[in-house]
Amino acid sequence: MRNSTAFRTSPRSTDLGALLARRGCDLILAIEDENALVRCQVSSAIAAAMLAPLKGKAAGQFRALPGNLVEIDAAVTLPMALRMMEAKAAMENTLH
């Protein structure tokens, strides 16, 4: 799996932000064998829900952005990626 790090602080100017904007989506899931790469820019509330299944083992897999956003770039197992996406959907339903 390949991992890229964004160095700018503006969500629209990061590599990941630009990639998400080009694809018109808010989450990218790349699957390779039994592993997954979860990449997204979400609100801090949604990020907290998504990172909760990692039980504190998320160091280096997220970073704060301006505007109450968090960029998640996490390499995890496929089952963990599915749990993260389920948590995202549940939090979005709660917030809307």
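In the block above lies the structure referred to throughout.
Residues numbered from 1 in each chain as written. Predicted model: local features only at pLDDT ≥ 70, side-chain atom pairs only at ≥ 80, totals over all residues. Heavy atoms only, no water.

K.L.:
Give me the lowdown on the pattern of salt bridges, citing residues and values where you can.
P.N.:
The full count for this structure, using the stated rule, is four salt bridges. Notably, a salt bridge pairs E71 with R63, separated by 3.4 Å at the nearest N-O pair. One salt bridge in this structure joins E92 and K88, with 2.6 Å as the shortest N-O distance. With E92 and K88 both in helix 3 (residues 78-95) and four residues apart, the pair spans about one turn of that helix. Here the residues in one salt-bridge network are D26, K88 and E92, joined through shared partners. (Salt bridge = Lys/Arg side-chain N within 4 Å of Asp/Glu carboxyl O. Helix = DSSP H or I, 4+ residues; strand = E, 2+ residues; numbered from the N terminus.)

K.L.:
Break down the side chain of Q41 for me, with residues and values.
P.N.:
Structurally, Q41 can be placed in strand 2 (residues 35-43). At a separation of 2.8 Å, a polar atom in the side chain of Q41 contacts the side chain of E71. (Polar contact = N/O pair within 3.5 Å; in protein donor to acceptor, adjacent residues only side chain to side chain.)

K.L.:
Hey, could you go over the sheet that holds strand 1 (residues 27-32) for me, with residue numbers and the actual values?
P.N.:
Judged by pairing direction, the sheet is antiparallel, and its four strands sit side by side in the order 1-2-4-3 without closing on themselves. Whereas interior strands pair on both sides, the edge strands pair on one side only; in this sheet they are strand 1 and strand 3 (62-65). For this sheet, the mean inter-axis angle between neighbouring strands, taken without regard to orientation, is 10 degrees. Note that strand 1 and strand 2 share six bridges and pair antiparallel. Bridge pairing links E32 to N35 in strand 2. Contacts between helix 1 (residues 15-23) and the sheet are confined to strand 1, strand 2 and strand 4 (69-77), with strand 2 contributing the most and set at about 90 degrees to the helix. Helix 2 (residues 44-51) rests against strand 1, strand 2, strand 3 and strand 4 of the sheet, and its axis sits at about 155 degrees to strand 2. (Pairing = 2+ DSSP bridges. Axes fitted to C-alpha atoms, helices over the stretch in contact; angles between N-to-C directions. Contact = heavy atoms within 4.5 Å.)

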